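# Observations on the model geometry
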Amino acid sequence: MAVSVVNLLEVRNISKTFVSGFLFSKRKVVAVDKVSFSIPGEKPIVFVLAGESGSGKSTIARIILKFIKPDEGEVFYKGKNIFAINSKEALLYRREVQAVFQDPYGAFNPVYPVDHILSITARRLGVDQGKGIDEAIDEVLVSVGLRPEEVRGKYPYQLSGGQRQRVLLARALIPRPKLIVADEPVSMLDASLRAEILNLMLDLKVKNGVSFLYITHDLSTASYVGDHIAVLYRGSVVEMGPIDDVITNPYHPYTQLLMSSIPQPDPSKRWQEKIATPEVSAYKEQPIGCKFYDRCPWKKEECRKAPPPLKKIGNRYVACYLY
Amino acid sequence: MSVLLKVEGLTVAYESNGKRLLAVNDANLEILQGEIFGLAGESACGKTTLASSILRLIKPPGRILKGRVVFDGVDLLSLDEEEFRKIRWEKIAYIPQASMNALNPVMRIYDQILDVVEAHRKDFSEDEIRKRAEEIFASVGLAPYVLKMYPHELSGGMRQRVIIAMSLILNPKLLIADEPTTALDVVVQRGIIQLLKEINMKFGTTVLLITHDMAVHAQIVDRLAIMYAGKIVEIGPVKEMFEKPLHPYTQLLIASIPRAGEKRKLAGIPGLPPDLRNPPPGCMFHPRCPFMIQGKCDRVEPVLQQVAVNRKVACHLYKG
């Protein structure tokens, strides 16, 4: 067997369908449709999973965090299938893969001081040998740029959104994780605080060697912190590759539309041409061929027959018959 | 261009437990006929309170302490409720934040439009209303059959278009839109921004656009006001403000926005906005300001003053 470097995380062909309604009015929603990607293990990176609402990005996060099981496909962590590991390995997985979510306001129990969320994690998942729980908590608070004496003993309502998100990042750092799944961690924060949290993520990557799976709809922040990106459209990866290449020169027509729709914070770079925005109604049946067919300016007959496979083109992958 | 809306010395307070905080603190601005005017600032800086005072929607524990709001020559705050009702929606339409989620779920879109029109204008016949609704729908990019649909059958972008159509149905002079694109996907957001611009051009509607998103302002507004902790700190043409922001807060705010495809280190603004129950003396921004002048900025409150053609700033670094 060829010796290859084991990926930190490998998502292989996962699908998840949700069924809603009752008896005859049942409707199937394919949230995730045969998605594969991997986060390499050699050095820490920020891998961006980008997509609009309903693209399945949070469902993928929930599968990776083992909140739900995929209908098909596997997820491997350091070469082991996370849905087929023993309890000892599962505990290790819980330690090494941590999560930070969107809402820093709803994540805390309001009746406990913020220490609670930190000490529970420390007690459940353990801290480094020879260290007390208090010492470990102080250490992670310092590493996210908080002064322990200013935070410990405080109640959530006494902290700002930015401070709370830092505390939640500190919590995630307690068990010395290798990977943090961050689902829209800055979308509820103001611009001035957002920049600080993004810089903190970059810091943690370099100093603590933590990789991030950064899930977002915001391509400006993605391009700031990201190394690699996978762009999702209605449950499928349409384009994947090094983020600078994908953002400056997108190949897939959907990625192109997405990139040209990011408002540039510069009044001298206003949109010149008008885009037609086909307004689709809230529900639509799943097409057989390419999911972007209806909106694509370059659609051809063959696009309707079968979904385009993800093909390797240079240093990236694109799912489109144009290539 | 003539002034359509003038806000003078507007001060709005919220009171709780005997403590008073000034959510809008001596605000002065002029919105010109036919322009798109942007109001920017971070959470809790007073943007929405300012907009709702223009529409007299401040309810206790909120109170307008002083100031004037002059619209088209009429002092809005001195009108009685019946006189003001004729201005609200007919002359000034308001799209509050997240209003696309406030459509009545059990009424067809057309019936909701009918409700709005009948509340204000008794002189329209049903035929006239239907014709007007179809015209407005066409100009916001919606097909006539959407009128017969229920809100849950529409996507977020379509519901926002319905709300915009409803606000335009009586042909108002001023449209106040509070975060109209915030919960929308970027492609849909682009469509709505485009639509606001089209309405402004086609009907000559003056627009007051409120959003925290500086990139949206950069794309659409003509002039921009920046608020911080209840104060308007800078007003000017949007191009000049992005090229050469004057107030240190504006400078730092613009420097903290990421741009796709750029890796320049983002600064962020250290510290937090002040607690308005205990505001700092002097300039509200002085505790976070890198250019703070000891003995001046922490003592004397700067006033918004003209420092160049079309440019106003409230900062001790500049002389009027």
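These numbers come from a predicted model, not from an experiment. (Residues numbered from 1 in each chain as written. Chains lettered and ligands numbered in written order. Predicted model: local features only at pLDDT ≥ 70, side-chain atom pairs only at ≥ 80, totals over all residues. Heavy atoms only, no water.)

### As for the overall build of chain B
Per the secondary structure count, chain B includes 9 helices and 12 strands. For a compact globule of 320 residues, the expected C-alpha radius of gyration is about 20 Å, and chain B comes in at 21 Å, within 12% of that figure. Viewed in the frame of its principal axes, chain B has a C-alpha envelope of about 70 × 50 × 40 Å. Counting over 320 residues, chain B shows a buried share of 56%. Of the contacts made within chain B by residues no fewer than 6 positions apart, 64% connect residues no fewer than 24 positions apart. (Helix = DSSP H or I, 4+ residues; strand = E, 2+ residues; numbered from the N terminus. Rg over C-alpha atoms; globule rule 2.2 N^0.38 Å. Buried < 20%, exposed > 50% of the residue type's maximum accessible area, 1.4 Å probe, protein only. Contact = heavy atoms within 4.5 Å.)

### Comments concerning the overall build of chain A
When you go through chain A residue by residue, the secondary structure sums to 10 helices and 12 strands. Against the globule reference of 20 Å for 323 residues, chain A gives a C-alpha radius of gyration of 21 Å, in line with a compact fold. Its C-alpha atoms put chain A at 65 × 55 × 50 Å along the principal axes. Counting over 323 residues, chain A shows a buried share of 51%. In the form shown here, chain A has an accessible surface area of approximately 15400 Å², with 53% of it arising from carbon and sulfur atoms. (Areas by Shrake-Rupley, 256 points an atom, 1.4 Å probe, with all protein chains shown as cover.)

### Section: the domain arrangement of chain B
Residues and elements named next belong to chain B. Looking at the assigned domains, one finds that chain B contains domain 1 (3–91 + 172–267) and domain 2 (102–171). For domain 1 and domain 2, the distance between their C-alpha centroids amounts to 25 Å. Facing the 19 residues of domain 1 at the interface are 18 residues of domain 2. Taking both sides of the interface into account, the surface hidden between domain 1 and domain 2 amounts to around 1600 Å²; carbon and sulfur atoms contribute 65%. When the buried area of domain 1 at its contact with domain 2 is split by residue, Trp-89, Glu-90 and Pro-172 rank highest and sum to 38% of it. At the junction of domain 1 with domain 2, the criterion picks out 1 salt bridge. A salt bridge links Arg-121 to Glu-90, with the nearest nitrogen and oxygen atoms 3.9 Å apart. At the boundary of domain 1 with domain 2, the tally comes to 3 residue pairs in polar contact (both at pLDDT 80 or more). The element that contributes the greatest number of residues to the side of domain 1 that touches domain 2 is helix H6 (residues 186–203), accounting for 9 residues. Partitioning the side of domain 1 that touches domain 2 into residue classes produces 11 nonpolar, 2 polar and 6 charged. (Domains from an automatic or database assignment. Buried area = accessible area lost by both parts, 1.4 Å probe. Salt bridge = Lys/Arg side-chain N within 4 Å of Asp/Glu carboxyl O. Polar contact = N/O pair within 3.5 Å; in protein donor to acceptor, adjacent residues only side chain to side chain. Nonpolar A, V, L, I, M, F, W, Y, C, P; charged D, E, K, R; others polar.)

### Focus on the nonpolar core
Counting 67 residues, the largest nonpolar core has Ile113(B), Phe137(B), Val162(B), Ile164(B), Met214(B) and Leu224(B) as its most contacted members. Take this core: its biggest share by element is 7 residues, from helix H5 (residues 156–168) of chain B. Counting residues domain by domain, this core receives three or more from each of domain 1 (3–91 + 172–267) and domain 2 (102–171) of chain B. Residues in contact with Ile113(B), not counting those within four places in the same chain, are Ala133(B), Phe137(B), Leu147(B), Met166(B) and Ile169(B). Residues Val140(A), Leu193(A), Tyr214(A) and Ile247(A) belong to the second largest nonpolar core, which totals 64 residues. (Core = buried A, V, L, I, M, F, W, Y, C linked by side-chain atoms within 4.5 Å.)

### Quick notes on the interface of chain A and chain B
Tallying the contact residues gives 45 residues for chain A and 48 residues for chain B. Summed over both sides, the interface between chain A and chain B buries roughly 4100 Å², with carbon and sulfur atoms accounting for 54% of that surface. The salt bridge involving Arg259(B) is made with Asp266(A); its shortest N-O contact spans 3.9 Å. Counting across the chain A and chain B interface gives 14 residue pairs in polar contact (both at pLDDT 80 or more).

### Considerations on the sheet that holds strand S5 (residues 74–75) of chain B
All names here are of chain B. The sheet built from 4 strands is open, its strands ordered S2-S1-S4-S5 with antiparallel pairing. Looking along the sheet, the strands with just one partner apiece sit at the ends: strand S2 (19–32) and S5. Pairing of strand S1 (residues 3–16) with S2, which is carried by 10 bridges, proceeds in the antiparallel orientation. From the neighbouring strand, Ser-16 faces S2, where its bridge partner is Lys-19. With respect to the sheet, helix H1 (residues 47–54) is in contact with S1, S2 and strand S4 (62–71), its orientation differing from that of S1 by roughly 115°. (Pairing = 2+ DSSP bridges. Axes fitted to C-alpha atoms, helices over the stretch in contact; angles between N-to-C directions.)

### Re the pairing of strand S2 (residues 27–39) of chain A
Residues and elements named next belong to chain A. Across 9 bridges, the pairing between strand S1 (residues 9–20) and S2 is antiparallel. When the bridges of S2 are listed, Ile-14 appears paired with Val-35. Two successive antiparallel strands, S1 and S2, enclose a turn made up of 6 residues, where Gly-21 displays a positive phi of approximately 85°.

### Observations concerning the pattern of salt bridges
Under the defined criterion, the tally for this structure stands at 35 salt bridges over all chains. Here Lys300(A) ties to Glu302(A) by a salt bridge, and the two come within 3.3 Å at their closest N and O atoms. By relative accessible area, which is 32% here, Lys300(A) ends up partly exposed. A residue is classified by how much of its surface remains accessible, and Glu302(A), at 35% relative accessible area, is partly exposed. Each of Lys6(B), Glu8(B), Glu30(B), Arg68(B) and Asp75(B) takes part in a single network of salt bridges with overlapping partners.

### Examining the layout of surface pockets
Each pocket or cavity is described by its volume, and for the second largest pocket that value is around 790 Å³. In terms of lining, the second largest pocket is formed by 27 residues, of which the most central are Ser160(A), Leu272(B), Pro273(B), Pro274(B) and Asp275(B). Elements that contribute at least two residues to the lining of the second largest pocket include exactly helix H6 (161–173) and helix H7 (191–208) of chain A. Its residues assigned to classes, the lining of the second largest pocket shows 16 nonpolar, 6 polar and 5 charged. (1 Å grid on protein atoms, 1.4 Å probe; cavity = no way out; pocket = protein on both sides within 12 Å on 5 of 7 lines; lining within 4 Å. Points joined across faces, edges and corners; volume = space filled by probe spheres on them.)

### Here's the deal with the environment of Val3(B)
Residues and elements named next belong to chain B. The topology assignment puts Val-3 in strand S1. Measuring from C-alpha to C-alpha, the distance between Val-3 and Tyr-228 comes to 24 Å, with 225 residues separating the pair along the chain. Apart from the residues lying within four places of it in its own chain, the contact partners of Val-3 are Glu-30, Ile-31 and Leu-32.

### Comments concerning helix H4 (residues 133–143) of chain A
Residues and elements named next belong to chain A. Along H4, the positions that sit buried rather than exposed are Ala-136, Ile-137, Val-140 and Leu-141. The arc that holds the buried residues of H4, viewed along the axis, is 135°, so those residues lie on one side. On its buried face, H4 sits against helix H3 (115–125), helix H5 (148–151) and H6. In the segment just after H4, Gly-145 is the residue with positive phi, at about 80°. (Arc of directions from axis to C-beta.)

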